[in-house]
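Structural overview
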Amino acid sequence: MNITDRRRILGPSNAKPLVFERLESSEQAAQPPQEKNNENESMYIKNGLVSNANGSSYLELKRGESSEQCTILLSSVYGPRPSRGAFSSKASLSVQFKEVTIEKIPSGELKEICNFLSNIFSAVINLERYPKSGIDIFLSLIKNPITSDEANLEPIIAACVNGITLALADAGIEIFDTVSAGTYKRNVVAFSKNGTEVVGLWKDKEDDTANDILSVIENCRGNYLQNRKGIIEYLIRSKNADI
Amino acid sequence: MVLSVTEKSYLHESLASVPPARPDGRKADQFRPIEVFTDFLPASNGSSKVVASDGTECLVSVKCKVVDHAVEEDLVVVDVDIAGHRDDSGFVQGIASTLSKVLSTQLDRSCLRLTKKYSFKLYIDVLVLSSFSHPLTLISFAVYSALNSTQLPKLISSDDDLDVAELPTFHDYDFVKLNVSVPLLFTLAICGKNVLVDPASNESDVANNGILVTWNNGKATAPIRTLGLNEDYVSGVSPQSLQDSIKMIEQVAPEVLQALGGI
């Protein structure tokens with residue numbers, strides 16, 4: 001008996017139901033997360049997740065064992081793309097920061113962070129190399145470690161610096177150095193040139209470090225070297241995997 | 001004034017030389033001369049106008065309102081308007097956010113306390129009429145002199161109003177001076193190894209980096225951070241320069257406070 005359903009629009013007669021292949025577990029196991037356990041801090045990096053951006057990086061920072069204290073940041077770089085209007089001899093840089101989930105950071109502070117980050121990266125990106133163009137960096141904070149009312153922005157800012165450096169490397173944009181940031185108590189310092197130069201200093205809350213800025217910088221440098229090692233190791237490994 | 005590439009390069013060289021040769025002949029730790037006028041707006045509780053020698057002009061007005069401090073958390077609201085810049089630009093919003101954070105966290109709330117239930121809430125409106133260099137130092141001077149010239153209405157009712165539901169009543173014409181320690185914010189430019197206080201616009205254009213240092217209660221406090229003064233010459237600085245800039249503020253800030261206090 002041939003019963004045809006006349007009430008619905010059916011597909012072509014030779015249509016077959018959609019069957020998904022089983023995910024092969026071996027593929028996932030091929031890329032273990034980069035774990036480096038120092039002071040119970042671990043970092044997971046994955047580049048190139050955003051397909052329509054020129055470069056992107058996904059950064060997961062965990063402090064301790066609990067998943068509460070976790071920062072997840074997705075940075076994407078668009079550019080260098082041609083900018084219209086007046087001629088400019090070098091690229092213009094813009095940084096936008098957005099919280100994807102619940103917005104906990106006041107918008108004024110977000111602007112301050114963007115200003116701070118674009119100041120760091122105008123010193124780091126070889127902007128003269130890209131005349132008449134614009135480089136746009138978008139940061140999406142997917143998971144915010146802030147749980148209490150008092151905003152603790154320092155780990156987020158450090159993650160932003162590291163994330164942008166990775167995304168720029170992924171986009172193939174010329175940078176003078178792999179810049180990375182280190183935190184110590186309530187201070188963030190972004191370094192270049194193997195820790196001899198400071199490209200950004202952020203101290204927003206008074207802590208017991210008093211006025212001895214040199215020792216603060218020294219303590220941040222240790223954290224910087226650690227972060228930079230993680231970044232470079234990842235970049236080398238992903239390059240080898242490509243070949 | 002827009003400088004050519006050659007002029008900028010010459011200026012940068014002279015600012016980075018030892019000792020620095022500043023175009024207006026100042027020493028590294030010397031401020032530009034400023035004129036300060038206070039208490040001239042009849043409709044506000046405190047006001048000030050600061051004019052720098054390059055024509056940068058900044059007006060600050062302080063107004064107050066009586067609020068229930070159990071309901072309103074923020075007792076200081078800062079609004080910044082800079083002529084020639086959009087209100088939603090990162091530059092204006094960044095300055096406004098920095099100022100309101102510094103003032104709301106570092107001003108002593110007990111100075112604004114009126115009774116056990118009510119407090120004064122201060123509205124600080126900043127208007128920069130014309131700015132050529134980074135206006136933060138000037139705004140901070142103006143806020144300082146405005147808050148120090150602020151007169152608040154004098155309370156004549158009882159200051160214990162927890163049990164009696166009574167609104168505070170004020171004297172018809174007597175005022176009480178607001179006595180509060182106000183933080184100062186300084187911008188410095190780093191050129192090569194030199195640290196220059198209160199950079200003018202042409203100096204900001206060629207600075208390697210800028211530093212913001214806050215001064216409150218006799219010491220340099222947070223926020224201390226790097227600040228973008230331009231996009232062409234910005235580069236990394238040595239940690240020693242950061243320490244030098246804090247040291248320089250520790251030297252000059254007491255003199256600045258003395259000068260501003262004499263008004």
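Counting starts from 1 at the beginning of each chain's written sequence and moves along it residue by residue. Written order determines the labels here, with chains lettered from A and ligands numbered from 1. Local features are withheld for residues below a pLDDT of 70 in this predicted model, meaning they are given only at 70 or higher, and side-chain atom pairs are given and counted only at 80 or more; totals for whole chains, interfaces and linings count all residues. With hydrogens and water set aside, each side-chain value is computed from the structure's full complement of heavy atoms.

You'll find chain B entered in an unreviewed UniProt entry as Ribosomal RNA-processing protein 42, with Lachancea thermotolerans given as the organism. UniProt positions are given in the numbering used here, feature names are shortened, and annotations may be inferred rather than shown by experiment. Under Sequence similarities (unreviewed entry), UniProt gives the following word-for-word description of chain B: "Belongs to the RNase PH family."

An unreviewed UniProt entry annotates chain A as KLTH0D03960p originating from Lachancea thermotolerans. UniProt's Sequence similarities (unreviewed entry) comment on chain A is quoted here verbatim: "Belongs to the RNase PH family."

1. So, the overall build of chain B
Only DSSP runs of H or I covering at least 4 residues are called helices, and only runs of E covering at least 2 are called strands; the numbering of each starts at the N terminus. Regarding its fold elements, chain B presents five helices and 11 strands. Its C-alpha atoms give chain B a radius of gyration of 20 Å, within 12% of the compact-globule value 18 Å for 263 residues. Counting only C-alpha atoms and orienting by the principal axes, one finds that chain B spans roughly 70 × 35 × 35 Å. Only protein chains enter the calculation, and the probe is 1.4 Å; a residue is then buried if its accessible area is under 20% of its type maximum, exposed if over 50%, and partly exposed in between. By the burial criterion, 50% of the 263 residues in chain B qualify as buried. It only takes one pair of heavy atoms within 4.5 Å for two residues to be counted as in contact. Within chain B, contacts between residues at least 6 apart in sequence are counted, and of these 69% link residues at least 24 apart. For chain B, the accessible surface area stands at approximately 11800 Å², while carbon and sulfur atoms represent 53% of it. When the 21 basic and 33 acidic side-chain charges of chain B are each reduced to a single mean position, those positions are 3 Å apart. It is over C-alpha atoms that the radius of gyration is taken, and the globule rule equals 2.2 Å times the number of residues to the power 0.38. Reported accessibility uses the Shrake-Rupley method at a 1.4 Å probe radius. Residues are deemed covered only where the shown protein chains occlude them. When charges are counted, neither His nor the chain ends are considered; positive counts come from Lys and Arg and negative counts from Asp and Glu. Throughout, a charge is located at the NZ atom of Lys, the CZ atom of Arg, the CG atom of Asp or the CD atom of Glu.

2. Re the state of the cysteines
By definition, a disulfide is the covalent link that joins the sulfur atoms of two cysteine residues. Cysteine sulfur atoms that pair up within 2.5 Å are treated as a disulfide. Taken as a whole and judged by the stated rule, the model has zero disulfides over all chains. A disulfide-free cysteine, Cys160 of chain A has its sulfur positioned 8.3 Å from the sulfur of Cys114 of chain A, the nearest such atom. We classify Cys160 of chain A as buried; its relative accessible area is 0%. Free of any disulfide, Cys64 of chain B has its nearest cysteine sulfur in Cys111 of chain B, 14 Å distant. For Cys64 of chain B, a relative accessible area of 22% corresponds to the partly exposed category.

3. Remarks on the interface of chain A and chain B
Each partner contributes residues to the interface: chain A has 27 residues there, and chain B has 32 residues. The term buried area refers to how much accessible surface (probe radius 1.4 Å) is lost by two components on association, counted for both of them together. Buried surface at the junction of chain A and chain B, summed over both partners, amounts to about 2500 Å²; 52% is from carbon and sulfur atoms. When a carboxyl oxygen of Asp or Glu is within 4 Å of a side-chain nitrogen of Lys or Arg, the pair counts as a salt bridge. One can count six salt bridges joining chain A with chain B. We note a salt bridge from Arg225 of chain B to Glu112 of chain A, for which the minimum N-O separation is 2.5 Å. Two N or O atoms form a polar contact when they lie within 3.5 Å of each other; inside protein one atom must be a possible hydrogen donor and the other a possible acceptor, and for residues adjacent in sequence the pair counts only when both atoms belong to side chains. At the boundary of chain A with chain B, the tally comes to 13 residue pairs in polar contact (both at pLDDT 80 or more). Of all the secondary structure elements, the ones that give two or more residues to the side of chain A that touches chain B are α2 (107–124), β8 (197–203) and α4 (213–242) of chain A. With nine residues, α2 of chain A is the single largest residue contributor to the side of chain A that touches chain B. The classification used treats Ala, Val, Leu, Ile, Met, Phe, Trp, Tyr, Cys and Pro as nonpolar, Asp, Glu, Lys and Arg as charged, and all other residues, Gly among them, as polar. Classifying every residue of the side of chain A that touches chain B by side-chain character gives nine nonpolar, seven polar and 11 charged.

4. Some words on the environment of Tyr10 of chain B
With respect to the secondary-structure elements, Tyr10 of chain B resides in helix α1 (residues 5–16). Spatially, the C-alpha atom of Tyr10 of chain B lies 9.6 Å from that of Val206 of chain B, the residues being 196 residues apart in sequence.

5. Thoughts on the pairing of strand β2 (residues 55–63) of chain A
Residue and element names in this part refer to chain A. Criterion used throughout: strands pair if DSSP finds at least two bridges between them. Two elements, strand β1 (residues 41–47) and β2, share seven bridges in a ladder whose sense is antiparallel. The residue bridging Ile45 from the neighbouring strand is Leu59, located in β2. Where β2 and strand β3 (residues 70–82) come together, eight bridges link them in antiparallel fashion. Bridge pairing in β3 places Glu60 opposite Ile72.

6. Thoughts on the packing of α2 of chain A against helix α2 (residues 90–106) of chain B
Geometry of a packed helix pair, given as the angle between the helix axes and the separation of the axes. Structural elements are reduced to axes, namely lines fitted to C-alpha atoms, with helices fitted over the stretch in contact, and the angle between N-to-C directions of any two is expressed from 0 to 180 degrees. Packing of α2 of chain A against α2 of chain B brings their axes to within 8 Å, and their N-to-C directions diverge by 115°. Seen from above, α2 of chain A lies across α2 of chain B with left-handed handedness. Residues Gly108, Glu109, Lys111, Glu112 and Asn115 of chain A of α2 of chain A form the contact with α2 of chain B, whose participating residues are Gly90, Phe91, Gln93, Gly94, Ser97, Thr98 and Lys101 of chain B. Across the contact of α2 of chain A with α2 of chain B, the residue classes break down as one nonpolar, seven polar and four charged. Each crossing gets its handedness from the near helix: less than a right angle anticlockwise from the far helix is left-handed, clockwise is right-handed.

7. So, the layout of surface pockets
Here a cavity means grid points, on a 1 Å grid over the protein atoms only, where a 1.4 Å probe fits yet cannot get out; a pocket means an open set of points with protein on both sides within 12 Å along at least five of seven lines; lining residues are those with an atom within 4 Å of a point. Grid points are joined across faces, edges and corners, and a volume is the space filled by probe spheres set on the points. What the largest pocket holds in volume is close to 1500 Å³. Along the wall of the largest pocket there are 47 residues; nearest its centre are Asn115 of chain A together with Phe91, Gly228, Leu229 and Glu231 of chain B. For the lining of the largest pocket, the secondary-structure elements that each account for two or more residues are β4 (92–99) and α2 of chain A together with α2, α4 (201–205) and β11 (219–227) of chain B. Sort the elements by how many residues they give to the lining of the largest pocket and α2 of chain A lands first, with 10 residues.

8. Quick look at the environment of Arg26 of chain B
Residue and element names in this part refer to chain B. Summarising the element assignment, Arg26 is placed in the loop between α1 and β1 (34–38). The spatial distance from the C-alpha of Arg26 to the C-alpha of Leu196 is 9.5 Å, given a sequence separation of 170 residues. Excluding anything up to four places from it in sequence, Arg26 contacts Phe31, Arg32, Val197, Asp198, Pro199, Ala200 and Glu203. At 3.0 Å, the side chain of Arg26 forms a polar contact with the backbone oxygen of Gln30.

9. Digging into the packing of helix α3 (residues 154–171) of chain A against α4 of chain A
Residue and element names in this part refer to chain A. One can describe the packing of α3 onto α4 by two numbers: an axis separation of 11 Å at closest approach and a directional angle of 25°. In terms of axis orientation, α3 runs roughly parallel to α4. Two packed elements cross with a definite hand, and for α3 against α4 that hand is right-handed. Taking contact as the criterion, the partners of Asn162, Leu166 and Ala169 in α3 are, on α4, Asn227, Ile231, Tyr234 and Leu235. Among the residues forming the contact of α3 with α4, the class breakdown is five nonpolar, two polar and no charged. In this scheme, roughly parallel covers angles under 35 degrees and roughly antiparallel covers those over 145, while 65 to 115 is roughly perpendicular and the rest are oblique.

10. Quick look at a nonpolar patch on the surface
Together, Phe37, Phe40 and Leu41 of chain B give the surface a local cluster of nonpolar side chains, amounting to about 240 Å² of exposed area. On the basis of relative accessibility, which here comes to 34%, the residue Leu41 of chain B falls in the partly exposed class. Nonpolar side chains (Val, Leu, Ile, Met, Phe, Trp, Tyr) within 5 Å and like charges within 9 Å form the patches, drawn only from residues with over 30% relative accessible area and no salt bridge.

11. Concerning the sheet that holds strand β3 (residues 57–68) of chain B
Residue and element names in this part refer to chain B. The mixed open sheet is built from five strands, whose spatial order is β1-β2-β3-β5-β4. Edge positions in the open sheet fall to β1 and β4 (76–82), since each of these has one partner strand only. Direction aside, neighbouring strands of the sheet carry axes that sit 15° apart on average. Bridge count between strand β2 (residues 46–52) and β3: six bridges; the pairing is antiparallel. For Ser48, the partnering residue across the bridge sits in β3 and is Val60. Packing of helix α3 (residues 136–148) onto the sheet brings it into contact with β1, β2, β3 and β5 (118–130), and relative to β2 it is tilted by some 145°.

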